[in-house]
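Listed below are the residues making up each chain.
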Amino acid sequence: MAKDMTLLWGSGSPPCWRIQIILEEKQLQGYNQKQFSFEKMEHKSQEVLDMNPRGQLPAFKFGNHILNESYAACFFLENQYKSQGNKLIPDSPDAQALMYQRMFEAFTLVEKMMNAMYYNFKVPEGERHDSAIHRNKEAMTAELKLWEGYLKKTNCCLAGQEFTLADVLVYPFIAYMFHYGLSSERYPALAKYYNSLKDRPSIKATWPPYWQKYADQDALKTI
Amino acid sequence: MAKDMTLLWGSGSAPCWRVMIMLEEKQLQGYNQKLLSFEKMEHKSQEVLDMNPRGQLPAFKCGKHILNESYAACFFLENQYKSQGTKLIPDSPDAQALMYQRLFEAVPLYQKIVEIVLYNYRVPEGERHDSAVQRNKEGLTAELKLWEGYLNKTDCCLAGKEFTLADVLFFPNVAFLFRLGLSSERYPALTKYYNGLKDRPSIKATWPPHWQTTPGPGIMNTV
């Protein structure tokens, strides 16, 4: 029941957004939720630490189950609510295999994006090198090129014609990248994907109220 | 059918080992496989690139389905072979939730291990800093402390009393750590977990071949 669920979240965090999307997809609106501010370091507050010792958002509780990893929460919810709301893991082996492959490749996409966008957060001043910044940018570009290729070969969604768990998990990061200035001209297939799902009810209803300012709004303009 | 499956793999690679353990657990022995050498850069050979444009191992094909991400391969195989071999996703919500949470927490654990092991490979000489090496080590130490805590509170396996998909995905990470000299004294719960599963048939049968004949570098001695 939605009433037995609690989500602690932060605005503009794709992992938090994933859980919000799936709760809509599975018709689990009405869950308890509380918004926290990353800027005020509230993700390190006792309230969050009590649910997630890692001091990270999302923190998600369902009855007595703790599912702080966004993928874990999404898989568990899909499993527990298979016959409620939209079916997000297709039966067709073709679509299923492609769905799994893409959703797990997304770990690499996110890692390369974080290395490029958050270099100054992750690397102390005395350790920074232009050569590293350059290399991270090239790695992200190469990665995005792969995803352009994937999306050129598919229909509306990552695994084919149907919206699946792969889209729940990956779309938030695609939207994140376009917010921070990713070029539609250089990435038309990604832009098409982004635009075609923007108005999907579960996505529209949970669109981040605001985006974090610690990354420049044009951070990805030159990728 | 195992005969329709092909695995390109490298010895000592945790992601490769996960897929091999899975194939044993699901009684899919007899798959086509080829052992390649990382040292000879065979993971960048045309044969691998044809199956995995990322030039990484494992590269896995199941019929016409490409599942190069080890998590994707394992999830797909469990789904397609639910009623064959060991049941690896438990029905009990308690065990299932814990399984999902741990198996996805294993992702940042593996990233932290790789960051240390591949530091000199990924970071050109002019960009290396002792402070970064130290920070990576501290990151892994903090992470392992969490896992010591988790394993102190559970039975033989990550999700309780039964071996699940979480163990298929996590055990190779642990074995890799001990191979690299992780201290049993400092990590008794991890040691107990490791010793408790190293003779499990699927694990014993797929133990990295070169680990039996050569000692490992003590990279993790002081973690």
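Just so it is clear, the structure is predicted and the values come from calculations on it, not from any experiment.

Peer 1: Is there a simple way to think about the nonpolar core in this case?
Peer 2: Taken as a class, soluble globular proteins show a tendency for nonpolar side chains to be buried jointly. Grouped together as the largest cluster of nonpolar side chains are 153 residues, with contacts concentrated most on F75, Y100 and L165 of chain A together with Y100 and L165 of chain B. Among the elements that make up this core, the one with the highest residue count is helix α7 (residues 165-179) of chain A (twelve residues). Among all residues touching L165 of chain B, those that are not within four sequence positions of it are M22, C74, F75, L88, I89, M99 and L103 of chain B.

Peer 1: Would you explain the interface of chain B and chain A in this entry?
Peer 2: When the parts of a complex come together, some accessible area is lost, and that lost area is often taken as the interface size. Counting residues at the interface gives 36 residues for chain B, matched by 38 residues for chain A. Both sides together, the interface formed by chain B and chain A hides about 3100 Å², and carbon and sulfur atoms give 51% of it. If you sort the residues of chain B by the area they bury against chain A, R54, F104 and E127 of chain B come out on top, with a joint share of 21%. On inspection of chain B and its partner chain A, the count reaches seven salt bridges. For the salt bridge of E143 of chain A with R54 of chain B, the shortest nitrogen-to-oxygen distance reads 2.6 Å. The tally of links between chain B and chain A comes to 20 residue pairs in polar contact (both at pLDDT 80 or more). Among the secondary structure elements, those contributing two or more residues to the side of chain B that touches chain A are β4 (65-66), α3 (70-80), α4 (93-117) and α6 (130-152) of chain B. Ranked by residues supplied to the side of chain B that touches chain A, first place goes to α4 of chain B with eleven residues.

Peer 1: How should the pattern of salt bridges be read in this particular structure?
Peer 2: Charged atoms that come close allow side chains of opposite charge to pair. One pass over the structure, following the stated rule, counts 22 salt bridges over all chains. The shortest N-O distance in the salt bridge between K87 of chain B and D91 of chain B comes to 3.3 Å. The class of D91 of chain B is exposed, set by a relative accessible area of 57%. Salt bridges linked by common partners bring R54 of chain A together with R102, E105, K112 and E143 of chain B together as one network.

Peer 1: Where do I start with the pairing of strand β3 (residues 59-62) of chain B in this structure?
Peer 2: Strand residues, when the strand is regular, have side chains that alternate between the two faces of the sheet. Residue and element names in this part refer to chain B. For strand β1 (residues 5-10) and β3, the ladder comprises four bridges, and the chain directions are antiparallel. Its bridge partner lying in β3, L8 is registered against A59. Relative to β4, β3 runs antiparallel, the two being bridged by two bridges. Across the sheet, the residue bridging to K61 is I66, located in β4. From the end of β3 to the start of β4, which pair antiparallel, there are two residues, and G63 there has a positive phi angle of about 65°.

Peer 1: Looking at this model, I keep getting lost on the packing of aromatic side chains. Mind explaining?
Peer 2: Aromatic rings in a pair are described by how distant their centres are and how their planes are angled relative to each other. All names here are of chain B. All chains considered together, the criterion is met by 45 aromatic pairs over all chains. Ring geometry for W147 versus Y150: centroids 5.3 Å apart, planes at 80°, classification edge-to-face. Within this pair, W147 and its partner Y150 are both found in helix α6, separated by three residues, close to a single helical turn. Where Y194 meets W207, the ring centres are 6.2 Å apart and the plane angle is 45°; that geometry is what we call tilted. Placement of Y194 in helix α8 (residues 188-197) and of W207 in the segment after α9 (201-204) is noted, with a sequence separation of 13 residues between them. The class for W207 is buried, based on a relative accessible area of 17%. One aromatic cluster in this structure is built from W17, W147, Y150, F170, F171, F176, F178, Y193, Y194, W207 and W211. Above the ring of Y150, the side-chain terminus of R102 is found at 3.5 Å from the ring centroid.

Peer 1: What should I look at first to understand the sheet that holds strand β1 (residues 5-10) of chain A in this one?
Peer 2: Backbone-to-backbone hydrogen bonds pair the strands of a sheet. The strands run either parallel or antiparallel. Residues and elements named next belong to chain A. On the basis of which strands lie adjacent, the open sheet formed by four strands has the order β2-β1-β3-β4 and mixed pairing. Taken across any chain shown, the strands that pair with only one partner, and hence form the sheet edges, are β2 (32-36) and β4 (65-66). Taken together, the two bridges between strand β3 (residues 59-62) and β4 define a ladder with antiparallel strand orientation. Paired with K61 across the two strands is I66, which belongs to β4. Helix-sheet contacts for helix α1 (residues 14-25) involve β1 and β3, and the interaxial angle to β1 is about 140°.

Peer 1: Is there a simple way to think about a nonpolar patch on the surface in this case?
Peer 2: On the surface, M41, L118 and Y121 of chain B cluster together into a nonpolar patch covering about 300 Å² of accessible area. Mapping M41 of chain B onto the fold places it in the loop between β2 (32-36) and α2 (46-51).

Peer 1: Can you help me understand helix α6 (residues 130-152) of chain A in this one?
Peer 2: Side chains three or four residues apart in an α-helix point the same way, a direct result of the helix having 3.6 residues per turn. Residue and element names in this part refer to chain A. The terminal C-alpha atoms of α6 lie 33 Å apart, and with 23 residues this matches the ideal 33 Å at 1.5 Å per residue to within 8%. Turning to α6, its buried residues number three or more, namely A132, N136, M140, E143, L144, W147, E148, Y150 and L151. Looking at the buried positions of α6, the neighbouring elements they touch are α4 (93-117), α5 (119-122), α7 and α8 (188-197).

Peer 1: Is there a simple way to explain the state of the cysteines in this structure?
Peer 2: What we call a disulfide is simply a covalent bond connecting the sulfur atoms of a pair of cysteines. Scanning all chains against the criterion turns up two disulfides over all chains. Note on cysteine connectivity: C156 of chain A is disulfide-linked to C157 of chain A, with sulfurs 2.3 Å apart. Between C156 of chain A and C157 of chain A, the disulfide has an S-S torsion of -90° and is therefore left-handed. Linked covalently through their sulfurs, C156 of chain B and C157 of chain B form a disulfide whose S-S length is 2.4 Å. The sign of the -90° torsion about the S-S bond sets the C156 of chain B-C157 of chain B disulfide as left-handed. A relative accessible area of 35% means that C156 of chain B is categorised as partly exposed.

Here is what the cut-offs are and how they apply
- Residues numbered from 1 in each chain as written.
- Chains lettered and ligands numbered in written order.
- Predicted model: local features only at pLDDT ≥ 70, side-chain atom pairs only at ≥ 80, totals over all residues.
- Heavy atoms only, no water.
- Core = buried A, V, L, I, M, F, W, Y, C linked by side-chain atoms within 4.5 Å.
- Buried < 20%, exposed > 50% of the residue type's maximum accessible area, 1.4 Å probe, protein only.
- Helix = DSSP H or I, 4+ residues; strand = E, 2+ residues; numbered from the N terminus.
- Contact = heavy atoms within 4.5 Å.
- Buried area = accessible area lost by both parts, 1.4 Å probe.
- Salt bridge = Lys/Arg side-chain N within 4 Å of Asp/Glu carboxyl O.
- Polar contact = N/O pair within 3.5 Å; in protein donor to acceptor, adjacent residues only side chain to side chain.
- Pairing = 2+ DSSP bridges.
- Phe/Tyr/Trp six-rings, centres within 6.5 Å; stacked < 30°, edge-to-face > 60°.
- Lys NZ or Arg CZ within 6 Å of the ring centre and 35° of its normal.
- Axes fitted to C-alpha atoms, helices over the stretch in contact; angles between N-to-C directions.
- Patch = residues over 30% accessible without salt bridge, like charges linked within 9 Å, V, L, I, M, F, W, Y side chains within 5 Å.
- Areas by Shrake-Rupley, 256 points an atom, 1.4 Å probe, with all protein chains shown as cover.
- Expected span 1.5 Å × (residues − 1).
- Disulfide = S-S within 2.5 Å.

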